Amino acid sequence: MTLRGAAVEAFKSSALISWRSTGKLQQTIGGCIEKTGRTLHSGNQSTVRIWPELAGKGRYFDFSSNLIPASIDFAEESPLCTTLRKDGHTVRTVEHLLSALEGTGVDNCRIEIVNSDDNDPSAEVPIFDGSAREWVEAIEQVGVTVAMDSNGRNCEKLAPYLTQPVHVSKGDSVISAFPSKQISISYGINFPQVPDLSLQWFSSVFSTTDNSFYSKQIAPSRTFCIYEEVEKMRSAGLIKGGSLENAVVFSRSKGLMNPVKGLPVANIIAYKGGHALHAEFVRQLSGFRSISNS
């Protein structure tokens, strides 16, 4: 059985799922992708190489010659990230990369990951700016192509359709899904202790023929955290590589801590500003202490 076959078997044996043809063929990437960056939780450097793969192989990680399918069968509960474990080896913070692969239609690929510490049995995917954006851009650079199996034949792409409602909950967190002819998602967050976050909802219908919505609206969505909880997370051995460059940080009392990007929604009036005063204006907007009072 192929890696993809092993990962899909759990779904196929479920009475909740009906597999149907998408009218499309399985795909892989058009060339190798290599990216190196700092990781969020360990704070170390790691390198990821994504290689084209045969149809039917699926998406899987290759870490120290250990193959770990990107499957729920190998997901383990871990704080503030998604972790895959197999035979004593773990790969964590895989969520943005796997999201990018799914969102751009890459069904098959080998994801080689190299640690800065050869003796460490755990690896972590680089965080970059805290979103899937850089992965999507890298995939778009090499392109996506039809994947062939070992006999040179293409393979049909199937999609899992839900056949009956599913509901899971933990505390006041809830996820429900209902049978539908299309993928639609509504997602809510609620942080009443942070006025700038508070209660927010996002809803959308996802197109299976146009990836531009994902690349423009979903991929750039960044990791965020609450400033007052940072030290607690670091004391727990997490977010050692976290910074304003790879996360959006909100404070309960000060609001957004990141430097402002883009024009604020405001009526702006300037007279003979100049570069220095423009920079000072942005510092004021961002809450940074003024470097000059004149």
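The residue numbers shown here count from 1 along each chain, following its written sequence. Local features in this predicted model are restricted to residues of pLDDT 70 or higher, and side-chain atom pairs are both shown and tallied only at a pLDDT of 80 or more, whereas totals for entire chains, interfaces and linings draw on every residue. By convention in this description, side-chain values take in all heavy atoms of the structure and omit both hydrogens and water.

As recorded in an unreviewed UniProt entry, the protein chain goes by the name UDP-3-O-acyl-N-acetylglucosamine deacetylase, listed as coming from Lactuca virosa. As stated in UniProt under Sequence similarities (unreviewed entry), the record for the protein chain gives "Belongs to the LpxC family." Recorded in UniProt under Pathway (unreviewed entry), the annotation for the protein chain is "Glycolipid biosynthesis; lipid IV(A) biosynthesis; lipid IV(A) from (3R)-3-hydroxytetradecanoyl-[acyl-carrier-protein] and UDP-N-acetyl-alpha-D-glucosamine: step 2/6." UniProt positions are given in the numbering used here, feature names are shortened, and annotations may be inferred rather than shown by experiment.

Trainee: Got a minute to help me understand the packing of helix α2 (residues 95-103) against helix α3 (residues 133-142) in this structure?
Mentor: When two helices pack together, their arrangement is given by the angle between their axes and by how far apart the axes lie. Between α2 and α3, the shortest axis-to-axis distance is 8 Å and the interhelical angle comes to 40 degrees. By the criterion of interaxial angle, the relationship of α2 to α3 is oblique. As for the relative orientation of α2 and α3, their crossing is right-handed in sense. Every residue of α3 that contacts α2 at His 96, Leu 97, Ala 100 and Leu 101 is listed here: Trp 135, Val 136 and Ile 139. Three categories are distinguished: nonpolar for Ala, Val, Leu, Ile, Met, Phe, Trp, Tyr, Cys and Pro, charged for Asp, Glu, Lys and Arg, and polar for the others, with Gly belonging to the last. Residues that form the contact of α2 with α3 fall into these classes: six nonpolar, one polar and no charged. Fitted lines through C-alpha atoms serve as axes, helices being fitted only where they are in contact, and the angles separating the N-to-C directions of these axes extend from 0 to 180 degrees. Put simply, DSSP H or I for four residues or longer makes a helix, DSSP E for two residues or longer makes a strand, and each gets a number counted from the N terminus. Roughly parallel refers to an angle under 35 degrees, roughly antiparallel to one over 145, roughly perpendicular to one between 65 and 115, and oblique to any angle outside these ranges. Handedness of a crossing follows from how the near helix is turned relative to the far one, being left-handed for an anticlockwise turn of less than a right angle and right-handed for a clockwise one. Any two residues whose heavy atoms approach within 4.5 Å are treated as being in contact.

Trainee: Teacher, can you tell me more about the sheet that holds strand β19 (residues 248-251) here?
Mentor: Backbone hydrogen bonds hold the strands of a sheet together, and the pairing may be parallel or antiparallel. A pair of strands is labelled paired if DSSP reports no fewer than 2 bridges between them. Across the sheet, which stays open at both edges, the three strands sit in the order β18-β19-β20 with mixed pairing between neighbours. With partners counted over all chains shown, the strands left at the sheet margins are β18 (224-226) and β20 (255-256), one partner each. Bridge count for β18 against β19 is three bridges, and the pairing is parallel. Opposite Cys 225, over in β19, you have Val 249 as the bridge partner.

Trainee: Even after reading the chapter, I still don't get the sheet that holds strand β8 (residues 83-86), so can you show me in this structure?
Mentor: The strand order β7-β8-β9-β11 describes an open sheet built from four strands, whose pairing is mixed. Both outer strands of the open sheet, β7 (75-76) and β11 (122-124), are each paired with one neighbouring strand and no more. Bridging between strand β9 (residues 89-92) and β11 involves three bridges; their strand directions are parallel. Opposite Thr 90, over in β11, you have Ser 122 as the bridge partner.

Trainee: Would you explain unusual backbone geometry in this entry?
Mentor: Negative phi characterises most residues that are not glycine, and trans characterises most peptide bonds. Of note, Ser 64 is a non-glycine position whose phi angle comes to about 55 degrees, a positive value. Mapping Ser 64 onto the fold places it in the loop between β5 (59-63) and β6 (66-69). Think of it in three bands: with a 1.4 Å probe and only protein chains considered, a residue is buried below 20% of the maximum accessible area for its type, exposed above 50%, and partly exposed in between. Using a relative accessible area of 44% as the deciding quantity, one classes Ser 64 as partly exposed. One non-glycine residue, Phe 128, lies in positive phi territory at about 55 degrees. The exposure class of Phe 128 is buried, given its relative accessible area of 16%.

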